[in-house]
Amino acid sequence: MTIEDNKVESWYVWREHKTVEGEETPRLLIPWANPDIYEYPMDWQFKTIAEAEEAKSEFAPDEDWYLVLETLEVVKRYTPEPCRYCGGNCPRDEDNCCDGYSGNIDNLYE
Ligand SMILES: [Zn+2]
């Protein structure tokens, strides 16, 4: 599955407004789902406000959080270059690389 350039997604997410140690001003940060019960950050994305509210009431009913609309815009994709000999993952897996890459038989690599 590929993602198109400049794709934009919007999600409802929960954030807490806290000041990070060493910083001057508070920011909207990913909260932890009830830290006394759940070990994981509440970084879930919701399609609707109702879904977000349902999750909060279940997992973190007593937390003082903000519901925010987060927009994710793809600005660039970083795709690793495939092997110039076989198209595989040889540059990042030299233990299992092809003979072409192993011997650099056509001097495709410097
Ligand atoms: Zn290869």
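Right above here is the structure, for reference.
Residues numbered from 1 in each chain as written. Predicted model: local features only at pLDDT ≥ 70, side-chain atom pairs only at ≥ 80, totals over all residues. Heavy atoms only, no water.

A. View of the coordination of the zinc ion. On the protein side, the zinc ion has C83 (SG), C86 (SG), C90 (SG) and C98 (SG) as donor atoms, found 2.3 Å from it. Seen from the zinc ion, its four donor atoms lie at angles of 101 to 115°, and the figure they make is tetrahedral. Donor residues for the zinc ion, ordered by position in the chain, follow C-x2-C-x3-C-x7-C. Of the residues examined, C83 reaches a relative accessible area of 4% and is grouped as buried. Look at C86 and you get partly exposed, because its relative accessible area is 46%. (Donors = N, O, S within 2.8 Å, 3.2 Å for Na, K, Ca; no water. Tetrahedral: all angles 85-135°; square planar, octahedral: opposite > 155°, others 65-115°. Buried < 20%, exposed > 50% of the residue type's maximum accessible area, 1.4 Å probe, protein only.)

B. Expanded view of the nonpolar core. Residues W14, A33, M42, F46, A52, A55, A60 and W65 constitute the largest nonpolar core, which totals eight residues. Each residue touching W14, except ones within four places of it in the same chain, is listed here: L29, P31, M42, F46, A52, E53, K56, W65, Y66 and L67. Grouped together as the second largest cluster of nonpolar side chains are five residues, C90, C97, Y101 and Y109 included. (Core = buried A, V, L, I, M, F, W, Y, C linked by side-chain atoms within 4.5 Å. Contact = heavy atoms within 4.5 Å.)

C. Unusual backbone geometry, seen in detail. At N104, a residue that is not glycine, the phi angle is positive and equals roughly 45°. Within the secondary structure, N104 sits in the segment after α2 (99-103). Although it is not a glycine, N107 adopts a positive phi angle of roughly 55°. Position of N107 among the secondary structure elements: in the segment after α2. (Helix = DSSP H or I, 4+ residues; strand = E, 2+ residues; numbered from the N terminus.)

D. The packing of aromatic side chains, seen in detail. Following the criterion strictly, the structure yields five aromatic pairs and no others. Between W14 and W65, the ring centres sit 6.2 Å apart and the planes meet at 45°, which makes this aromatic pair tilted. Pair noted here: W14 is in strand β1 (residues 8-18) and W65 is in the loop between α1 (49-59) and β3 (66-73), with a separation of 51 residues, a long-range link. The pair W14 / W65 is uniform in exposure class, with both members buried. Taking the centre distance of 4.9 Å and the plane angle of 85° together, the rings of W44 and F59 count as edge-to-face. Taken together, the positions of W44 in the loop between β2 (27-29) and α1 and F59 in helix α1 put the pair 15 residues apart, joining distant regions of the chain. For W44, a relative accessible area of 31% corresponds to the partly exposed category. Grouped by ring-pair contacts, the aromatic residues W44, F46 and F59 constitute a single cluster. The ring centre of W65 lies 5.4 Å from the NZ or CZ of K56, which sits over that ring. (Phe/Tyr/Trp six-rings, centres within 6.5 Å; stacked < 30°, edge-to-face > 60°. Lys NZ or Arg CZ within 6 Å of the ring centre and 35° of its normal.)

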